[in-house]
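Chains, contacts and geometry: an overview
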Amino acid sequence: MGSNNNNNNKKKNQDLGLYFLEMARASSSMGVEDEKEESPMELNTINSSGGFLVVSPDKLSVKYTSVNLHGHDVGVVQANKPAPVKRLVYYFEIYVKDAGAKGQIAIGFTSETFKMRRQPGWEANSCGYHGDDGLLYRGQGKGETFGPTFTSNDTVGGGINYASQEFFFTKNGAVVGSVFKDIKGPLFPTIAVHSQNEEVQVNFGQKKFAFDLKDYEAQERMKQQMTIEKISLPPNVSYGLVRSYLLHYGYEDTLNSFDLAGKSTVPPISFAQENGFDEQDIVYALNQRKTLRQLIRNGEIDAAFAKLHNWYPWIVQDDKSSTCFLLHCQKFIELVRVGALEEAMKYGRVELAKFIGLDEFENLVQDCVALLAYEKPQESSLGYLLEDSQREIVADMVNAMILSTNPNAKDLHGCLHSYLERLLRQLTACCLERRSMNGDQGEAFRLHRVLNSGKKGKC
Amino acid sequence: MSLFWIVIRQLAEIEAMATSKKVITREEWEKKLNDVMIRKEDMNKLVMNFLVTEGYVDAAEKLRMESGTEPDIDLATITDRMAVKKAVQCGNVEDAIEKVNDLNPEILDTNPQLFFHLQQQRLIELIRNGKVEEALEFAQEELAPRGEENQSFLEELEKTVALLAFEDVSNCPVGDLLDISQRLKTASEVNAAILTSQNHEKDPKLPSLLKMLIWAQSQLDEKAVYPRINDLSTATLEDPTV
């Protein structure tokens, strides 16, 4: 092996190590992956059409207090925030407490620049469902036949379905109808009152909706799913991906059982020959990778170190590399886990102290050492370090390092990501890209959500 | 890279611009791919879900030990389910029906179509084994009454009985009923029914996600030119082309 190769190895080693270091640090903040977007919580009292209406102190109900004279004294009020868009559906409701003299109440969506003395739907870039005639208005003076009228004691809802790009409205828990959303940009939930004593309460989700939003969302997802299920896949592709996943991560026992079962199914699945698929590359060092994974998962870090020194000395030769760092951290964590605090402290002084002051290691060193401060470290904010997933990261790192020693390894990606993971990344990236081209509207793909949905069998 | 390919690529980009599609280069796309966060635990769960749903009980048990991933169903129930499936696959339909009823008698009671298909399979097996008289008797006594309840059952029954009319079934229009694929179809129907009765989804999630990938790529194709994955089995990222 020439010096060039050695340099290459060193570079690979560094890059892979940093990747897993990032993973180890990220695991402290995992779980907060849901995108937080501000939602409307109350009515905007600042730009509402003052003089015609009164907003209650809790900013969740309005009353028309004057006598209406013409079409430019509507009491309109928007929510304090626009409807969030990074989701499947946005929805809010109003309850008509009093339909007043004429019941000219409306619910809808308006853009930020909406003229605040007009009914939603009367002006461009707005849409409204009106109680007195049951018509839907979309920026023109004339309404369209839409649904029933609504009056005192009715609960009426307005929603945006970002998947179908539609507005929809409900009355007393049932969908009245939907209409294409042809307005771009942020949209504010809007309500209007326009005759004496009309009083409306709004619910931005603080209270239970009359409408079953969860069920509506489930049905929307199902519609999409139906289209998708019609797509056909090449035979045995899932089988092959599971197999390559097990190979990639060195789950050798699982793989052997899987193969054994594959042979006895009717008809037997002979994946490798069928696809002319060359698995030499991932069978590489399978047994050693499995052994090391087991040791690390059992918390036997010293033994793992010993094996590595024996089998792959260059992986652990630089004691200041991220690989050694993560292994040392894990050893420290294992000592804390079994309550050998004194030993942990000594180990930390010898093996971890040298990483203090190095930027990329700093956080993790601090977190590890801080474990000593807690009587019950599992329950502290650093508890993530003691979880199984932390062992798994270290095991995955060692696995990737060994894969990278394969002279046939084409690139780093091959060592880091299984085929399955590459496909899941591609799926996520495609969904995100498409959404960002669509004004960020709609739901992102989240593997986590897909896995946790449908626990109860639906057929 | 040869000049030829550079020109080809530039032409492709120009063409893409003409149709006002956004062009995403390999470098840009790879950055996006790297920014995606996929949890290892979730991938393990996905693989576990496949093993469990497809009935790889030993492999599921091993994966639990090797990765600490908990299966989303009691593994013991898989063994029973696989025994039923296997019985159908091997043509022991009577045995399969008995096993399903041992597992949960409601499955067949509430699922007349499944029960009919199992009985039909039983008939097919009798015909396959040349037990003509037994087959006819079984068809008249067990299957015909069900056909009266349901027109589509009757049609399927007639199709099956038609097998008896041919000397050489390999050449007859309904011969595919004797094919192994018919057993597999019936077996997977029973499998799905048992899973549903156990409050578990009847299909693994992985194939749906792969379909979703194909769908998501075709959706994005409408708006952008970007590196696609065309071969799922090797997950190879192709250079963007128009």
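Since we're looking at a predicted model, the values are computed, not measured.

1. Section: empty space enclosed by the protein
Across all of its chains, the model carries 4 cavities of 30 Å³ or more by this definition. Each pocket or cavity is described by its volume, and for the largest cavity that value is around 100 Å³. Forming the boundary of the largest cavity are 16 residues, of which Phe20, Met23, Tyr249, Leu416 and Glu421 of chain A lie nearest the centre. At the level of secondary structure, the elements contributing two or more residues to the lining of the largest cavity comprise helix H1 (3–26), helix H3 (237–249), helix H12 (388–404) and helix H13 (412–416) of chain A together with helix H3 (40–54) of chain B. For the lining of the largest cavity, a count of residues per class yields 9 nonpolar, 3 polar and 4 charged.

2. Side note on the pattern of salt bridges
Scanning the model with the defined rule gives 42 salt bridges over all chains in all. We note a salt bridge from lysine 354 of chain A to glutamate 351 of chain A, for which the minimum N-O separation is 2.9 Å. Classification of lysine 354 of chain A by relative accessible area gives partly exposed; the value is 26%. Judged by relative accessible area, glutamate 351 of chain A falls into the buried class, the value being 17%. We note a salt bridge from arginine 183 of chain B to glutamate 125 of chain B, for which the minimum N-O separation is 3.0 Å. One end of the pair, arginine 183 of chain B, is in helix H11 (residues 180–197); the other, glutamate 125 of chain B, is in helix H8 (residues 112–128), and 58 residues separate them in sequence. Accessibility classification places arginine 183 of chain B together with glutamate 125 of chain B in one group, the buried group.

3. Things to note about the UniProt feature "domain: CTLH" (unreviewed entry) in chain B
Mapped onto the present numbering, the UniProt feature "domain: CTLH" (unreviewed entry) falls on residues 77–134 of chain B. Along residues 77–134 of chain B one finds 83% helix and 0% strand; the C-alpha atoms at either end are 34 Å apart.

4. A short note on the environment of glutamate 28 of chain B
All names here are of chain B. Relative to the helices and strands, glutamate 28 is located in helix H2 (residues 26–35). The class of glutamate 28 is partly exposed, set by a relative accessible area of 41%. Residues glutamate 28 and valine 225, spaced 197 residues apart in sequence, show a C-alpha to C-alpha distance of 12 Å. A polar contact of 2.9 Å, which involves the side chain of glutamate 28, links it to the backbone nitrogen of threonine 25.

5. Quick word on the packing of helix H4 (residues 57–67) of chain B against helix H5 (residues 75–89) of chain B
Residue and element names in this part refer to chain B. At a closest axis distance of 9 Å, the pairing of H4 and H5 adopts a crossing angle of 165°. Put simply, H4 runs roughly antiparallel to H5. Note on packing geometry: the crossing formed by H4 with H5 is right-handed. Together, Val57, Ala60, Glu61 and Arg64 of H4 and Leu75, Ile78 and Thr79 of H5 make up the contact between the two elements. Class assignment of the residues belonging to the contact of H4 with H5 gives a composition of 4 nonpolar, 1 polar and 2 charged.

6. Some details on the nonpolar core
One finds Leu246 and Phe258 of chain A together with Trp29, Leu51 and Leu209 of chain B to be the most contacted residues of the largest nonpolar core, which totals 61 residues. Once residues within four sequence positions are removed from consideration, leucine 51 of chain B is found in contact with Val242, Thr254 and Phe258 of chain A together with Tyr56, Ala59, Ala60 and Leu63 of chain B. Phe20, Leu21, Val394 and Met397 of chain A belong to the second largest nonpolar core, which has 49 residues in total.

7. Quick look at the interface of chain B and chain A
At the interface, 63 residues of chain B touch 72 residues of chain A. Both faces combined, the contact of chain B with chain A buries some 6300 Å², and carbon together with sulfur accounts for 69% of it. Connecting chain B to chain A are 5 salt bridges. Between glutamate 433 of chain A and lysine 22 of chain B there is a salt bridge, with the nearest N and O atoms lying 2.9 Å from each other. Joining chain B to chain A, the criterion identifies 23 residue pairs in polar contact (both at pLDDT 80 or more). At 15 residues, helix H12 (residues 205–221) of chain B tops the list of elements feeding residues into the side of chain B that touches chain A.

The rules behind each value
- Residues numbered from 1 in each chain as written.
- Chains lettered and ligands numbered in written order.
- Predicted model: local features only at pLDDT ≥ 70, side-chain atom pairs only at ≥ 80, totals over all residues.
- Heavy atoms only, no water.
- 1 Å grid on protein atoms, 1.4 Å probe; cavity = no way out; pocket = protein on both sides within 12 Å on 5 of 7 lines; lining within 4 Å.
- Points joined across faces, edges and corners; volume = space filled by probe spheres on them.
- Helix = DSSP H or I, 4+ residues; strand = E, 2+ residues; numbered from the N terminus.
- Nonpolar A, V, L, I, M, F, W, Y, C, P; charged D, E, K, R; others polar.
- Salt bridge = Lys/Arg side-chain N within 4 Å of Asp/Glu carboxyl O.
- Buried < 20%, exposed > 50% of the residue type's maximum accessible area, 1.4 Å probe, protein only.
- UniProt positions renumbered as here; feature names shortened; annotations may be inferred.
- Polar contact = N/O pair within 3.5 Å; in protein donor to acceptor, adjacent residues only side chain to side chain.
- Axes fitted to C-alpha atoms, helices over the stretch in contact; angles between N-to-C directions.
- Parallel < 35°, antiparallel > 145°, perpendicular 65-115°, else oblique.
- Left-handed = near helix turned anticlockwise from the far one by under 90°.
- Contact = heavy atoms within 4.5 Å.
- Core = buried A, V, L, I, M, F, W, Y, C linked by side-chain atoms within 4.5 Å.
- Buried area = accessible area lost by both parts, 1.4 Å probe.

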